[in-house]
Amino acid sequence: MSKILIIEDEVAIADLEKDYLELSGFDVEVANDGLIGYQKAMEEDYNLVILDLMLPGMDGFEICRKLREEKNTPIIMVSAKKDDIDKIRGLGLGADDYMTKPFSPSELVARVKAHLSRYERLIGSAAEVNKVIEIRGLKIDTTARRVWVNGQEKAFTTKEFDLLTFLASHPNHVYTKDELFSEIWDMESIGDIATVTVHIKKIREKIEMDTSNPQYIETIWGVGYRFKM
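Caption draft 1: Spatial organisation of the sheet that holds strand E3 (residues 48-52). A sheet is described by the order of its strands in space; here five strands give the open sequence E2-E1-E3-E4-E5, paired in parallel fashion. Unpaired on one side and paired on the other, strand E2 (27-31) and strand E5 (97-100) mark the two borders of the sheet. Adjacent strand axes in the sheet meet at a mean angle of 20 degrees when their direction is disregarded. For strand E1 (residues 3-7) and E2, the ladder comprises five bridges, and the chain directions are parallel. Its bridge partner lying in E2, lysine 3 is registered against aspartate 27.

What follows is the structure, encoded as structure tokens:
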């Protein structure tokens, strides 16, 4: 049974999310304080964290940043803030998804299942022989989920790694942002493609010598992105 941590200070919302997730077969714990939630997330093994932004004790941005320094656990960030800047900041800190309140509990359950399904498929390949992609100084160990650039290892979040690996595995193919969102996040974008843009930017910062003149991931204006061989 997958174990989920909800860090949410609004008790009614946390209880509703917990009820729906438990009805779907998940083991759910709730923390109504940011600092307590962060400590639980660090000390215990959860399969996924649902993280509110505005929290007492420690805000969601800080929790996300600190968790990403230690763990690759999928994080769904939720907030009443609708500004793109908050979404971009949250995704930039390593959140795997961002949901704007109010949202239906059934949508939350669907997104939780999608993230867990993909994450479990990826980590379940540990027994396989390591598959490595090497292109012009870029080395991607798709089994160990590690990346090196000119011999120096770089740290990637789960979705950053997934996106880089997918593009590198399909070189010279142009993908739209909607196609990439559907492939990596296992759901329809519903026009929300800022997530892809932010992740591409973070990947370039880690693998490109000059982000203004990328040698690996090209922008095909008006269409999407292509990994150049």
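Alright, that's what it looks like, and here's the rest.
Caption draft 2: Spatial organisation of the packing of aromatic side chains. This model, assessed by the stated rule, comprises three aromatic pairs. Between the aromatic rings of phenylalanine 166 and tyrosine 175, the centroid separation amounts to 4.9 Å while the plane-to-plane angle is 55 degrees, which identifies the pairing as tilted. On the accessibility criterion, tyrosine 175 (11% relative accessible area) is buried. Between phenylalanine 181 and tryptophan 185, the aromatic rings sit 5.2 Å apart at their centres with planes inclined by 10 degrees, giving stacked as the arrangement. Within this pair, phenylalanine 181 and its partner tryptophan 185 are both found in helix H7 (residues 177-185), separated by four residues, close to a single helical turn. A single burial state applies to phenylalanine 181 and to tryptophan 185, both of which are buried. Over the aromatic face of tyrosine 46 sits the side chain of lysine 3, whose NZ or CZ is 5.1 Å from the ring centroid.

Caption draft 3: Inspection of the pattern of salt bridges at higher detail. Under the definition given, this model contains 23 salt bridges. A salt bridge links glutamate 22 to lysine 18, with the nearest nitrogen and oxygen atoms 2.6 Å apart. Placement of the pair is glutamate 22 and lysine 18 together in helix H1 (residues 11-23), with a separation of four residues, close to one helical turn. Aspartate 52 is the partner of lysine 101 in a salt bridge, and the nearest nitrogen-oxygen pair spans 3.2 Å. Here lysine 101, found in the loop between E5 and helix H5 (105-123), pairs with aspartate 52, found in strand E3; they are 49 residues apart in sequence, far enough to count as distant. By relative accessible area, which is 11% here, lysine 101 ends up buried.

Caption draft 4: Structural view of the side chain of threonine 157. Residue placement: threonine 157 occurs in the loop between strand E9 (152-154) and helix H6 (158-169). Of the residues examined, threonine 157 reaches a relative accessible area of 10% and is grouped as buried.

Caption draft 5: Examining the packing of H6 against H7 more closely. H7 packs onto H6 with a crossing angle of 120 degrees between their chain directions and a minimal axis gap of 10 Å. The orientation of H6 with respect to H7, classified from their angle, is oblique. Two packed elements cross with a definite hand, and for H6 against H7 that hand is right-handed. Contacts between H6 and H7 involve Lys159, Asp162, Leu163, Phe166 and Leu167 on the former and, on the latter, Leu180, Glu183, Ile184 and Trp185. Split by residue class, the contact of H6 with H7 holds six nonpolar, no polar and three charged.

Caption draft 6: Broad picture of the pairing of E5. Two elements, strand E4 (residues 75-79) and E5, share four bridges in a ladder whose sense is parallel. The residue bridging methionine 77 from the neighbouring strand is tyrosine 98, located in E5. On the question of chirality, the crossover connecting E4 to the parallel E5 by way of helix H4 (residues 84-92) is right-handed.

Definitions and limits used
Residues numbered from 1 in each chain as written. Predicted model: local features only at pLDDT ≥ 70, side-chain atom pairs only at ≥ 80, totals over all residues. Heavy atoms only, no water. Pairing = 2+ DSSP bridges. Helix = DSSP H or I, 4+ residues; strand = E, 2+ residues; numbered from the N terminus. Axes fitted to C-alpha atoms, helices over the stretch in contact; angles between N-to-C directions. Phe/Tyr/Trp six-rings, centres within 6.5 Å; stacked < 30°, edge-to-face > 60°. Buried < 20%, exposed > 50% of the residue type's maximum accessible area, 1.4 Å probe, protein only. Lys NZ or Arg CZ within 6 Å of the ring centre and 35° of its normal. Salt bridge = Lys/Arg side-chain N within 4 Å of Asp/Glu carboxyl O. Parallel < 35°, antiparallel > 145°, perpendicular 65-115°, else oblique. Left-handed = near helix turned anticlockwise from the far one by under 90°. Contact = heavy atoms within 4.5 Å. Nonpolar A, V, L, I, M, F, W, Y, C, P; charged D, E, K, R; others polar. Right-handed = clockwise from strand over helix to strand, strands pointing away.

In short, the description is geometric, and any link to function would need to be established separately.
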